[in-house]
Amino acid sequence: MAKYLIKRFLYMIFVFFIVSILMFAITKSVPGDPALKMVNQQLASTDPARYQIALEEARQSLGLDQPLPIQYVKWMANTLSGNFGFSLQYRRPVIEVVGTPMFNTVALNLCSLILVFAITIPLGIISAVKKRSAFDQAVQVGSIIGYSLPTFVIALLFIYLFALKIQIFPISGSATPGTDYTGLQRVGDYLYHMALPLLVSTFCSLGGILRYVRAAMIDALREDYIRTARAKGLREKVVIYSHAFRNALIPIVTIITSWFVSIFGGSVVIESIFLWNGLGNTILTALRNLDSALYLAMMMFYVIITLIGNLLMDIAYCIADPRVKLQ
Amino acid sequence: MSKNEKRKSSLLLTIRRLFGIREKETDLLKEEQMQSPFRTMVRNFVTNKVAMFGMIVFLLIFGTVFIGSAIYPLDVNQQDTTQQNISPGFNMLSIPSALKDNAQDVAVGSTFAVGVDRDGKLYQWGKLTEKLQKMPDADKTYVQVSAGLNHALALTDEGKVVTWGNDRLGLANIPFEVKDATDIKQIAAGYQVSFVVTESGDVYYWGNPNALTISIPEELQGTVDKLVLNLTTAFVLTKDGRVVMLSNSATPFANIPEEIQGTVVDIAANDRAVAAVTSDGQVHVWGTNDYGLFEVPEAAQGKAASISGGRFHFTVITQDGTVVSWGNDLYGQSSAPELQNVVSTDSGYFQSYAIDEDGHLTGWGLKGYLFGTDQYGRDVALRMLAGGRMTMTIGAIAVIISTIIGVIIGGISGYYGGWLDNLLMRFTEIVMSLPFMPLAIVLSAIVGNRLSEVGRISMIMVILGLLSWPSLARLVRAQILSAREQEYVTAAKAMGIREFTLIFRHILPNVITVVIVNTTLAFASCLLTESSLSFLGFGVVEPSPTWGNMLNSAQNSDVIADMWWRWVFPSIALSLAVVSINLIGDGMRDAIDPKSNER
Amino acid sequence: MALLELRDLHTFFTTKKGIVKAVNGVSYSVDAGRTLGIVGESGSGKSVSAMSILRLLDGNGYIDSGEILFEGRDLTKATNEEMYKIRGNKISVIFQEPMTSLNPVFTVERQLNEVFLTHQKVSRKEASRRSLEMLQAVKIPNPTNVLKQYPHQLSGGMRQRVMIAMALACQPRVLIADEPTTALAVTIQAQILKLMNDLKEQNGTSILFITHDLGVINEMADDVAVMYCGQVVEMASVETIFGENPYSHPYTEGLMNSIPRLNTPTGVRLEAIPGAVPHPLDLPKGCKFAPRCKYATSRCLAEEPALYEIEDGHQIRCFYPCKADRTRDIEQMKEAQHAK
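The structure presented is a predicted model; accordingly, all values stated were derived computationally and were not measured. (Residues numbered from 1 in each chain as written. Chains lettered and ligands numbered in written order. Predicted model: local features only at pLDDT ≥ 70, side-chain atom pairs only at ≥ 80, totals over all residues. Heavy atoms only, no water.)

This next bit is on the overall build of chain A. Looking only at helices and strands, one finds 13 helices and 2 strands in chain A. For chain A, the C-alpha radius of gyration of 25 Å lies well beyond 20 Å, the compact-globule estimate for 327 residues. The principal-axis extent of the C-alpha atoms belonging to chain A is close to 90 × 55 × 35 Å. Counting across all 327 residues of chain A, residues that qualify as buried make up 49%. When contacts within chain A are restricted to residue pairs at least 6 apart in sequence, those whose partners lie at least 24 apart make up 72%. For chain A, the accessible surface area stands at approximately 15,200 Å², while carbon and sulfur atoms represent 67% of it. (Helix = DSSP H or I, 4+ residues; strand = E, 2+ residues; numbered from the N terminus. Rg over C-alpha atoms; globule rule 2.2 N^0.38 Å. Buried < 20%, exposed > 50% of the residue type's maximum accessible area, 1.4 Å probe, protein only. Contact = heavy atoms within 4.5 Å. Areas by Shrake-Rupley, 256 points an atom, 1.4 Å probe, with all protein chains shown as cover.)

Residues and elements named next belong to chain B. Residue Pro 543 is reached from Glu 542 by a cis peptide bond, and omega for that bond is 5°. Locating Pro 543 in the fold gives a position in the loop between α13 (499-536) and α14 (547-550). Residue Gln 192 is not a glycine yet carries a positive backbone phi of 65°. Checked against the element boundaries, Gln 192 lands in the loop between β7 (184-189) and β8 (193-198). Of the residues examined, Gln 192 reaches a relative accessible area of 15% and is grouped as buried.

Chain C puts 25 residues into the contact, and the matching count from chain A is 20 residues. Across the interface of chain C and chain A, roughly 2,100 Å² is buried in total on both sides, 58% from carbon and sulfur atoms. Its largest share of buried area at the contact with chain A, chain C owes to Tyr84(C), Pro104(C) and Val105(C), together 26% of the area lost on that side. Counting every contact that joins chain C to chain A gives 2 salt bridges. Among the salt bridges present, the one from Arg235(A) reaches Glu81(C), with a minimum N-O distance of 2.7 Å. Applying the counting criterion to the chain C and chain A interface returns 13 residue pairs in polar contact (both at pLDDT 80 or more). At the level of elements, α2 (80-86), α3 (108-119) and α6 (156-168) of chain C are the ones that each hand at least two residues to the side of chain C that touches chain A. Of the residues forming the side of chain C that touches chain A, the biggest block, 6 residues, is contributed by α3(C). Residues of the side of chain C that touches chain A, tallied by class, amount to 12 nonpolar, 8 polar and 5 charged. (Buried area = accessible area lost by both parts, 1.4 Å probe. Salt bridge = Lys/Arg side-chain N within 4 Å of Asp/Glu carboxyl O. Polar contact = N/O pair within 3.5 Å; in protein donor to acceptor, adjacent residues only side chain to side chain. Nonpolar A, V, L, I, M, F, W, Y, C, P; charged D, E, K, R; others polar.)

Turning to the confidence of the model for chain C, a few remarks are in order. In this model, chain C carries a mean pLDDT of 86, and residues with pLDDT of at least 70 account for 98%. As scored by the predictor, the complex reaches a pTM of 0.83 and an ipTM of 0.85. (pLDDT = per-residue confidence, 0-100.)

Domain annotation of chain C identifies domain 1 (97-169) and domain 2 (249-339). Computed over C-alpha atoms only, the centres of domain 1 of chain C and domain 2 of chain C are separated by 45 Å. (Domains from an automatic or database assignment.)

Before going further, it helps to examine the interface of chain B and chain A. Across the boundary between the two partners, chain B contributes 43 residues, which contact 52 residues of chain A. For the chain B and chain A pair, buried surface summed over both sides reaches about 4,000 Å², with 74% attributable to carbon and sulfur atoms. One can count 1 salt bridge joining chain B with chain A. For Arg211(A), the salt bridge identified is with Asp586(B), shortest N-O distance 2.7 Å. At the junction of chain B with chain A, the criterion picks out 4 residue pairs in polar contact (both at pLDDT 80 or more). Mapped onto the side of chain B that touches chain A, the elements with two or more residues apiece are α8 (418-432), α9 (436-448), α13, α15 (557-562) and α16 (565-592) of chain B.

On to a nonpolar patch on the surface, then. All names here are of chain A. Together, Ile 6, Phe 9, Leu 10, Ile 13, Phe 17 and Leu 80 line one region of the surface with nonpolar side chains, adding up to about 570 Å² of accessible area. The greatest single-element share of the nonpolar patch, amounting to 5 residues, is contributed by helix α1 (residues 2-28). Within the element layout of this structure, Ile 6 appears in helix α1. (Patch = residues over 30% accessible without salt bridge, like charges linked within 9 Å, V, L, I, M, F, W, Y side chains within 5 Å.)

Moving on, we come to the sheet that holds strand β6 (residues 161-165) of chain B. Hydrogen bonding along the main chain pairs the strands of a sheet, whether they run parallel or antiparallel. All names here are of chain B. In space, the 3 strands of this open sheet follow the order β4-β5-β6, with antiparallel pairing throughout. Of all strands in the sheet, those bounded by a partner on one side alone are β4 (142-147) and β6. Shown here is a sheet whose adjacent strand axes are inclined to one another by a mean of 20°, direction ignored. Pairing between strand β5 (residues 151-156) and β6: 5 bridges, direction antiparallel. Residue Ala 152 lies in a different strand from β6, and its bridge partner there is Trp 164. (Pairing = 2+ DSSP bridges. Axes fitted to C-alpha atoms, helices over the stretch in contact; angles between N-to-C directions.)

Residue and element names in this part refer to chain B. Ordered in space as β1-β2-β3, the 3 strands form an open sheet in which the pairing is antiparallel. Either end of the sheet is taken by a strand with one partner, and the two such strands are β1 (103-108) and β3 (122-126). The sheet shows a mean angle of 20° between the axes of neighbouring strands, direction not considered. Here 5 bridges tie strand β2 (residues 112-117) to β3, and the two strands are oriented antiparallel to one another. When the sheet's bridge partners are listed, Val 114 is paired in β3 with Gln 124.

What follows deals with the packing of helix α7 (residues 380-416) of chain B against α13(B). Residue and element names in this part refer to chain B. It is the contact of α7 with α13, at a shortest axis distance of 8 Å, that shows an interaxial angle of 145°. Between α7 and α13 lies a crossing whose hand is right-handed. Seen from α7, the contacting residues are Thr 391, Met 392, Ile 394, Gly 395, Ala 396, Ala 398, Val 399, Thr 403, Val 407 and Tyr 415; seen from α13, they are Glu 499, Ile 503, Val 515, Thr 519, Ala 522, Phe 523, Cys 526, Leu 527, Glu 530 and Ser 531. Within the contact of α7 with α13, the residues separate by chemical class into 13 nonpolar, 5 polar and 2 charged. (Left-handed = near helix turned anticlockwise from the far one by under 90°.)

Right, let's get into the domain arrangement of chain A. Domain annotation for chain A reports domain 1 (34-83) and domain 2 (103-151 + 206-320). Between domain 1 of chain A and domain 2 of chain A, the C-alpha centre-to-centre distance is 44 Å.

See below:
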């Protein structure tokens, strides 16, 4: 296990570097000179000579005068030492900018994850056990529609229903403007603003996961050992929730992590609609403002999340299934 | 049986065999045993009601979108400020029945019309804003009406002017001169302005001073006979038959032909040209020659009595009382019906109405929009057709790209194995560990900025294709590996069957089914991804429509709450398409995998 | 009185294409301490009849009619609660596939303990102790280690021993062995069969032994029921079936002729029963075996024979049960054809 983890970790680092080179190359191909944003543009007309000097200085400070490979190495060295560069848009170091969005995104997605599993697992199990019943059919139809509907369509619908027609949730943002809550009140306000994006995010994931849980459960229930368990005189509840579900968990675990990684990426849409100050929204504004240091850092963060997610998936898979030996 | 016939029948037999048509219908159970797996699959699929439902829905959407957009091509740059945010429905020409045979005057507004009957009662119909719905006093008797973009005017028999509808920008502030006047001859409502012409030949106007940059020369007051206006300017016809433009701009509108001055009996303006009828019945048009506005139909030339203008068309009443329309005919507004004894017409925006001697009111032109219009006055239904075609084309090409890459990489990997397999699979893993959505957004934002529209659209296809192949490659590889280990393949190998045959006869059929199912499901997810990108503004951008970017402008609460048609219809189309494709994909998967039948 | 008795049992399955009558009027009984062997091809309903006893049919299967009497009680009318107390406790099962019949994610110990914890009021510790005892009883080498292992770490024979240990944990009255050795290598088969016989002797358990292997039946069973298409076609003691006997069902005769024997003269070819088992949705009208029976007459094709006692303790479902008569008839027919 330890050996596997080390190997896997080295591989992750390898992938990380490959992707970082790729991302760096893409970023560098962006038209536009970021140094321009650092220099007072009025200088260009009033004092062209000083403007040129200032521009050169800005370029130098950003390291733009050096060849690309050296720029990459410098950037990477900085990134690895925790210096993610300087956000031109916020005029602050990137590391200071991304703290809040990161927290917001993780909070939203983690809550969504918990909600989704709290709903899909029991529902999927019941649906699998009562296979082909009216309940099951309804769940099936519901889930196929649920996982086909685009996130933004559901978001618009939910805004219409729960923020405009029945005004129970705020439309967007992550805090009531103009208030200065502290303590519990602030947490409450935060959660209140999170409710609608959370609902949408959860609703969008329900269908896919539900189908998966149901299918995994049906497969597990069909196995020979379930018959053995019944023949032993175990009660149906024990057979379903202990024997069958424990086996169904194996494929479910595989999907959880890859899905978790994908909702991190997918929450861009939700964050953008609800103006939720998360990573997705930050990356969008960074892109709109050509704030390369910022979106490069964000991309690398997404890559790390994906890689760690994959590693976690392997480990979880190994824990769930005693037959699997990692090598 | 002759030799020829025999050959024919054997050929027929071969063909029938080829398509699996059997001579005799063997009984149910034997047939099942004899069927090829492919045929079983097809039959499983066809008998799956849900999947077939999905198939029908998808084909309907597909057909509507592709055939529809071919029949009704979209001019992506076409916009119309007068037709913004109109709700769906076809009631713009729904004349109230009480007015229909008893009309005295009628006026066309941007999306509505106002009429007054011979008893002086007011009517209005079409798309009415909330403010328009508050009609003036019903007790009074009205004699004349006029309608503008979103407000209307009416004249009572006591010579009083009333206004309703939009009351901002000073439209509600009727000047004292007008309030006091008793000899009002003509009222005219335009784009955020209202005009009044008195019997004594004076002109008064009020409303938004910036809407029309006009000035009325002092010497003109007291000579005006009639006033007409369009969205940019206004013209007057003086009592001595001259035409005067009320603004000093160098637009083509200013090219009033000198030779007609003094002989003009009626004028009309639309937003491209101005037309004047001279006393000899000739129609003179100047301005910009769009929509064939300068080509006055023969039926009207020399016989014209009076004229009225819409947004891009003119309508003439001839001396024998018939009507002739020409100009833009997008909504049929230039296809005047055959009418007799017409005494007055009013054309405005995209409709025309004519009233005959007996008070019969007839209207033609734009009835309304099936799915309403958006913030630029563009027809949502038309954009949905073109947008659907765009969305589906992008999805299909992206899927084709990803399928080709996936099959090639998975196939090589699975078939050759060894270090090549190892390398390719590591590569696949790297692509898989790229965060899909953020990367697609970044790529689209960075690369797309420098591309033309077509380039951008192709780039989106390529991005989607390049990022979505890994799962298929893995599936194909796994399928080939498992097929290679199947007993029948081992047996075939042992029997000395050539490798080529082995691949095509034994391995390929297994892979193809997986590829088809995967491609179908991937198509659905490509539609979703493209729509999400376009929705965020990082995919296909305006003015080219896709179902995703049509919703881009719906990200504000006013649109969501009050202009539901702008997001509901594209949402429904997109959702229906994706659901139906997923149903098809699911059905195919069930048809292939007998185990899943039990699910 | 028989310990377990099936009376005219009908077990059906609903499928998309119609109702499959998997067990169509089966009656047999197992006496205390004896072994009843049930032989038949796959699809003959032998396993289904056994699963009906425990009411462990797949989702679409149900007992249509008939009685299953166990210790004088009708199990078809027992409540679920009662069934829980019978399964694994008074009647237990060993399945054919030792590879898949154990839950792969639980240790052997946990799966064995479960039986004790469910049916006996014992502590976890006591359950573990008894589990160890059971593993010793089924002669598993190194039982303390095996307890901690997962099924995939054990060989097929070992897993089947674990299954047997699990089945016999509560010293059941009846053990249903559903082709317990089919999936095992021949040497392991012999060991497992011996183990089962030994444990049967020790505990006085009755065994319902289901197999398609006549050799195994000969070794294990006291009585034999031959099943075909959901019906018992012949039932007798093992001596009657395998010994020299003037009466037999043609199907049994076919089965007998298809197995090689030490005393089969060289040069004589083994006889196979022609044709295949009919599709369960498309059963022949008369005798179910008639289409494959070389002695079949027009009567066999039109009319279905009933099961009747031809001699004491020997039941046959055939119009022509006497071997000698049938053979003579067929030879006469051949001669007649020859004469033509």
